[in-house]
Number of protein chains: 2
Amino acid sequence: MQKVSDWTIHRLSSYHRLLSEFANEGKEYISSHELAQRAGATPAQVRRDLSCFGTFGTKGKGYLVADLISKITSILGIDRDWRVALVGAGRLGSALFSYKEFRKRNFHIVAVFDSDRHKVGKHWADVQIDHPDDMKSIVRQRKVDIGVIAVPADTAQSVANAMVDAGIKAILNFAHRKLFVPDGVTLRNVNMAMELETLSYVMTKNRTRR
Amino acid sequence: MQKVSDWTIHRLSSYHRLLSEFANEGKEYISSHELAQRAGATPAQVRRDLSCFGTFGTKGKGYLVADLISKITSILGIDRDWRVALVGAGRLGSALFSYKEFRKRNFHIVAVFDSDRHKVGKHWADVQIDHPDDMKSIVRQRKVDIGVIAVPADTAQSVANAMVDAGIKAILNFAHRKLFVPDGVTLRNVNMAMELETLSYVMTKNRTRR
DNA sequence: CGCAGTACGTGAATCTTTTCACAACCCAGT
DNA sequence: ACTGGGTTGTGAAAAGATTCACGTACTGCG
Ligand SMILES: NC(=O)c1ccc[n+]([C@@H]2O[C@H](COP(=O)([O-])OP(=O)(O)OC[C@H]3O[C@@H](n4cnc5c(N)ncnc54)[C@H](O)[C@@H]3O)[C@@H](O)[C@H]2O)c1
Ligand SMILES: NC(=O)c1ccc[n+]([C@@H]2O[C@H](COP(=O)([O-])OP(=O)(O)OC[C@H]3O[C@@H](n4cnc5c(N)ncnc54)[C@H](O)[C@@H]3O)[C@@H](O)[C@H]2O)c1
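Residues numbered from 1 in each chain as written. Chains lettered and ligands numbered in written order. Predicted model: local features only at pLDDT ≥ 70, side-chain atom pairs only at ≥ 80, totals over all residues. Heavy atoms only, no water.

The cut-off we apply is this: UniProt positions are given in the numbering used here, feature names are shortened, and annotations may be inferred rather than shown by experiment.
Chain A appears in an unreviewed UniProt entry as Redox-sensing transcriptional repressor Rex from candidate division TA06 bacterium DG_24. Turning to chain A, the UniProt record has this under Function (unreviewed entry): "Modulates transcription in response to changes in cellular NADH/NAD(+) redox state."

So, in structure tokens, the structure goes:
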């Protein structure tokens, strides 16, 4: 199998969401053109992205919506439950915990950790907040697949290390810091500050030019 | 001036943060090699990124840390205050509002909007929550530069339209939906769901292969 | 001063991603 | 069965981003 770029995966993710909309609208077939339009991509790109994983369309007709949804679902691996551990029960952590899209997409937060002794022992819904020292055993017990980091930047790397040590193979990081993880562990970042600075850059550039 | 890619800007943003660390450590000069190492990039990339904007280094010596910080600060346009309007005073909105990094980086939330009549009129710190109907006049009055969207996905596009209508030229969107804005308005997205699905994809792929 | 060492800046090469463009194919209507 | 309109899947070209590699220029030291 060829290498598939991250961007293709990101786009598949948006195709997936859009296809659900099309399904709700009662559409049976959809062309690469229509899908591209709503996704803000080009038809060629849609076809190329899909062709990385097989041939799903019917020439002259387009893609069968229901079929394509289930194909992408299985490519992305979101046809199963994923068990998530959240580290950092602060403001962002609490927003994430109560974020319903999570659950809807089969990502279940099964453990919450915080180093603050005042928070340890409390319950969020049916999940008890535990101390990071117990991460290893709890991660194993609850079969955690994914770790989410929502702690201050300067402790993020040590949390990542603890996650790796506990056997977690996939980490989503919200802290504004570059983290390093060993091969075999996948790390993704969500980085608001960078996006804000991109906005700032574009506005500044336009101002000085015009 | 040549076109500069988004990735260069993202990297400049991380160089900027790392340079502050180096400054704190008391380092006076830094080489592209050292910077690259901490940034998880290559020395050539660091030099190429910087060279888009001028020549800041000293051959044989490296870059003067303090100087480079101020150069990047001015390139990114973060040497001034930016005035931000937050739309959606929900869980994410409240996390964002109380996020201190914001203020530290000179991004000030000067207006908050929510369509929920129970929330309108309340105060968050010294900012009153207003109704989106008043967006246009308030945005003008308070000289808002940047709009942040933290409303449910299905109202995000209409909020974006209102922002554009109010004269906002830069939007940061947290809703999991592709938004369309006219030319001249810059849109950036922060998309957690996509990153989660990327993790899911990678784990699924590895599982089926090994 | 002159020389050895170091690290920048950048043209050229390489690698990656996107776009183009068209053969192959399906379907509906006659 | 044939035709015309429409859409896929994919080589090949184009565009874009990264890496290489080297000329150049500065530093520090004797
Ligand atoms: N608040 C936001 O809107 C926002 C947005 C984007 C990114 N972030 C990032 O998310 C992270 C958390 O932000 P926040 O606003 O929720 O901060 P916060 O201070 O509200 O919460 C951080 C929590 O982490 C806990 N913690 C600290 N060290 C820990 C450790 N070693 N192990 C476990 N728990 C630990 C603290 O006790 C606290 O409860 C930061 O890195 C921030 O940059 C926040
Ligand atoms: N909660 C999270 O951790 C999280 C993480 C990532 C992305 N998001 C996204 O952020 C958005 C908000 O999430 P949330 O969890 O804060 O939801 P929420 O329901 O807690 O808050 C949404 C707020 O938006 C307000 N609102 C609705 N329509 C509005 C309109 N037209 N104008 C102004 N205000 C309006 C509601 O009154 C509510 O207060 C969603 O799109 C979600 O996908 C949330």
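### Notes on the site of ligand 1
Stated precisely, the cut-off is as follows: Residues are counted as near a molecule or strand when any one of their heavy atoms sits within 4 Å of it. N or O atoms within 3.5 Å of each other form a polar contact, as long as, within protein, one can give a hydrogen and the other can take it, and as long as residues adjacent in sequence are counted only when both atoms are side-chain atoms. All accessibility values rest on the Shrake-Rupley procedure with a 1.4 Å probe; residue burial counts only the protein chains present in the view. Each helix is a run of DSSP H or I of at least 4 residues and each strand a run of E of at least 2, with the numbering of both proceeding from the N terminus. Classification convention: Asp, Glu, Lys, Arg as charged; Ala, Val, Leu, Ile, Met, Phe, Trp, Tyr, Cys, Pro as nonpolar; all other residues, Gly among them, as polar.
In the vicinity of ligand 1, 23 residues are found, and the nearest of them are Leu 92, Asp 114, Lys 119 and Val 151 of chain A together with Tyr 99 of chain B. This site is not confined to one chain, since residues near ligand 1 come from chains A and B. Between Asp 114 of chain A and ligand 1, the recorded distance is 2.5 Å, taken from a side-chain N or O atom to an oxygen atom. Expressed as a share of its isolated accessible area of 820 Å², the protein-covered part of ligand 1 is 85%. When residues of the shell around ligand 1 are traced back to their parent elements, those giving at least two are helix 5 (91–97) and helix 8 (153–165) of chain A together with helix 5 (91–97) of chain B. Top element by residues in the shell around ligand 1 is helix 8 of chain A. It accounts for three residues. When grouped by side-chain class, the residues that make up the shell around ligand 1 number 15 nonpolar, four polar and four charged.

### Notes on the sheet that holds strand 9 (residues 186–189) of chain B
All names here are of chain B. Rule in force here: DSSP bridges decide pairing: two strands pair if at least two such bridges lie between them.
Strand order in the open sheet made by the seven strands is 5-6-4-3-7-8-9, with mixed pairing throughout. At either end of the open sheet lies a strand with only one pairing partner, and these are strand 5 (123–124) and strand 9. As paired elements, strand 5 and strand 6 (residues 127–130) share two bridges and run antiparallel to each other. When the bridges of strand 6 are listed, His 123 appears paired with Gln 128.

### Concerning the domain arrangement of chain A
We apply this condition: Residue ranges labeled as domains rest on an automatic or database domain assignment.
For chain A, the assigned domains are domain 1 (6–75) and domain 2 (82–194). Each of domain 1 of chain A and domain 2 of chain A has a C-alpha centre, and these two points are 32 Å apart.

### A short note on the UniProt feature "binding site: NAD(+)" (unreviewed entry) in chain A
Residues and elements named next belong to chain A. Spelled out, the test is: Whether a residue is buried, partly exposed or exposed follows from its accessible area with a 1.4 Å probe, protein chains only, as a fraction of its type maximum: under 20%, in between, or over 50%, in that order. In what follows, residue pairs with any heavy atoms lying within 4.5 Å of each other are defined as contacts.
Within this structure's numbering, the places UniProt gives as "binding site: NAD(+)" (unreviewed entry) are Gly 88, Ala 89, Gly 90, Arg 91, Leu 92 and Gly 93. For Ala 89, a relative accessible area of 5% corresponds to the buried category. Look past the residues within four positions of Ala 89 in its chain and what remains in contact with it is Val 112, Phe 113, Asp 114, Lys 119, Trp 124 and Ile 129. Residue placement: Gly 90 occurs in the loop between strand 3 (82–87) and helix 5. With residues up to four places along the chain from it excluded, the contact list for Gly 90 reads Asp 114, Lys 119 and Trp 124.

### Notes on the protein's contact with DNA strand D
The local shell around DNA strand D holds 26 residues, among which Ser 32, Arg 47, Arg 48 and Tyr 63 of chain A together with Arg 48 of chain B are the closest. Across the atoms of DNA strand D situated within 4 Å of the protein, the share located in sugar and phosphate is 57%. At 3.1 Å, a backbone N or O of Gly 60 of chain A approaches a sugar or linking oxygen of DNA strand D. Counting only elements with at least two residues in the surface near DNA strand D, the list comes to helix 3 (43–51) of chain A together with helix 1 (6–24) and helix 3 (43–51) of chain B.

### Re the protein's contact with DNA strand C
If you check the shell around DNA strand C, you find 25 residues, and the closest are Arg 48 of chain A together with Ser 32, Arg 47, Arg 48 and Tyr 63 of chain B. Of what DNA strand C places within 4 Å of the protein, 62% of the atoms are sugar or phosphate. Looking at the surface near DNA strand C element by element, the count peaks at four residues for helix 3 of chain A.

### Concerning the UniProt feature "DNA-binding region" (unreviewed entry) in chain A
Per the UniProt record, the feature "DNA-binding region" (unreviewed entry) sits at residues 14–53 of chain A. Split by type, residues 14–53 of chain A is 70% helix and 5% strand. Its first and last C-alpha atoms lie 16 Å apart.

### Brief notes about the interface of chain A and chain B
What counts is decided by this rule: Buried area: the accessible surface (1.4 Å probe) lost by two parts on joining, summed over both. Salt bridge, as used here, is a side-chain nitrogen of Lys or Arg placed within 4 Å of a carboxyl oxygen of Asp or Glu.
The partner chain B presents 57 residues to the 57 residues of chain A that form the contact. For the pair chain A and chain B, the summed buried surface comes to about 5700 Å²; carbon and sulfur atoms form 65% of the total. By the criterion of area lost to chain B, the three top residues of chain A are Met 192, Glu 197 and Tyr 201 of chain A, representing 12% of everything that side buries. Among the ionic pairs, Arg 105 of chain B bridges to Glu 197 of chain A, the shortest N-O distance being 2.5 Å. On the surface where chain A and chain B come into contact, there are 24 residue pairs in polar contact (both at pLDDT 80 or more). Counting only elements with at least two residues in the side of chain A that touches chain B, the list comes to helix 1 (6–24), helix 2 (32–39), helix 4 (65–76), helix 5, helix 6 (100–104), strand 8 (170–173), strand 9 (186–189) and helix 9 (192–209) of chain A. It is helix 9 of chain A that contributes the most residues to the side of chain A that touches chain B, 13 residues altogether. In the side of chain A that touches chain B, the residues fall into 29 nonpolar, 14 polar and 14 charged.

### Observations regarding the site of ligand 2
The immediate surroundings of ligand 2 are formed by 23 residues, with Tyr 99 of chain A together with Leu 92, Asp 114, Lys 119 and Val 151 of chain B found nearest. Those chains with residues close to ligand 2 are chains A and B. A distance of 3.3 Å separates an oxygen atom of ligand 2 from a polar backbone atom of Leu 96 of chain A. Of all the elements in the fold, those that place two or more residues in the shell around ligand 2 are helix 5 of chain A together with helix 5 and helix 8 (153–165) of chain B. Looking at the shell around ligand 2, the element that brings in the most residues is helix 8 of chain B, giving three residues. Per-class residue counts for the shell around ligand 2 are 15 nonpolar, four polar and four charged.

### Describing the packing of aromatic side chains
Rules: When the centres of two rings from Phe, Tyr and Trp lie within 6.5 Å, Trp using its six-membered ring, the rings pair. Their planes under 30 degrees apart give stacked, over 60 give edge-to-face, and anything left gives tilted. Lysine NZ or arginine CZ positioned within 6 Å of the ring centre and within 35 degrees of the ring normal marks a charge as sitting over the ring.
Applying the stated criterion across every chain yields a total of seven aromatic pairs over all chains. An angle of 85° between the planes, with centres 5.8 Å apart, marks the rings of Trp 7 of chain A and Trp 7 of chain B as edge-to-face. Taken together, the residues Trp 7 of chain A in helix 1 and Trp 7 of chain B in helix 1 connect one chain to another. Trp 7 of chain A sits in the partly exposed class, given a relative accessible area of 48%. Here Arg 80 of chain A stacks its cationic end above the ring of Trp 82 of chain A, 3.6 Å away from the centre of that ring. For Arg 103 of chain A, the ring lying beneath its charged end belongs to Phe 97 of chain A, and the centroid distance is 6.0 Å.

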